[in-house]
Amino acid sequence: MLILLTPNLDVAFDKGYISFENGGKILISSQLTKDEQLVLGIHDNLCLKKVHAENQPFLEYHRLNIFKR
């Protein structure tokens, strides 16, 4: 699976501070403070432009096992 993210989002994704719904809408962990979100450029209006069907199982796995709710 390949999701192209900016470096700040890539690290946040890898560490579980953000994830994405199957439709591409960003999910932000409650463990990431508003100040940290501001510094990292993370906000509720971010979304993936396109999510391919073959990527959806990986996103589901990420939400269930890596994302810090």
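Higher on the page you've got the structure.
The present account deals with the structure reproduced in this document. (Residues numbered from 1 in each chain as written. Predicted model: local features only at pLDDT ≥ 70, side-chain atom pairs only at ≥ 80, totals over all residues. Heavy atoms only, no water.)

## Brief notes about helix 3 (residues 56-65)
This is how the line gets drawn: Throughout this description, buried means an accessible area under 20% of the type-specific maximum (1.4 Å probe, protein chains only), exposed means over 50%, and partly exposed covers the range between. Helix and strand definitions here come from DSSP, where helices need a minimum of 4 consecutive H or I residues and strands a minimum of 2 consecutive E residues; each element is numbered from the N-terminal end. This arc is built from the directions going out from the helix axis to the C-beta atoms. Residues count as neighbours in contact if any of their non-hydrogen atoms are within 4.5 Å of one another.
The complete set of buried residues in helix 3 reads Leu59, His62 and Arg63. Down the axis of helix 3, the buried side of the element spans an arc of 95 degrees, and every buried residue falls inside it. With respect to the buried face of helix 3, the exposed residues turned more than 90 degrees away are Pro57 and Leu64. Where helix 3 is buried, its residues meet helix 1 (7-14), strand 1 (18-20) and strand 2 (26-28).

## As for the environment of lysine 50
Here lysine 50 shows up in the loop between helix 2 (34-40) and helix 3. As for lysine 50 and glycine 23, which are separated by 27 residues in sequence, their C-alpha atoms are 7.7 Å apart.

## A few points about the side chain of glutamine 37
Put simply, the test is: Distance and chemistry together define a polar contact, namely a pair of N or O atoms within 3.5 Å, with one atom able to donate a hydrogen and the other to accept it when in protein, and with adjacent residues in sequence counting only for side-chain atoms on both sides.
Within the element layout of this structure, glutamine 37 appears in helix 2. Of the polar contacts made by the side chain of glutamine 37, one reaches the backbone oxygen of leucine 32; its length is 3.0 Å.

## Focus: the packing of aromatic side chains
Worth spelling out the cut-off: Whether two aromatic rings pair depends on their centres lying within 6.5 Å, for rings of Phe, Tyr and Trp, where Trp uses its six-membered ring; planes under 30 degrees apart make the pair stacked, over 60 edge-to-face, and the rest tilted.
This structure, assessed with the given rule, holds 2 aromatic pairs. For the pair phenylalanine 13 and phenylalanine 20, a centre-to-centre distance of 6.0 Å together with 35 degrees between the ring planes defines the contact as tilted. The exposure class of phenylalanine 20 is buried, given its relative accessible area of 2%. Where phenylalanine 13 meets phenylalanine 58, the ring centres are 6.4 Å apart and the plane angle is 40 degrees; that geometry is what we call tilted. Of this pair, phenylalanine 13 sits in helix 1 while phenylalanine 58 sits in helix 3, and the two are 45 residues apart along the sequence. Judged by relative accessible area, which is 34%, phenylalanine 58 ranks as partly exposed. By the ring-pair criterion, three or more aromatic residues cluster together here, those being Phe13, Phe20 and Phe58.

Everything listed here is a matter of coordinates, which is why it stays silent on function.
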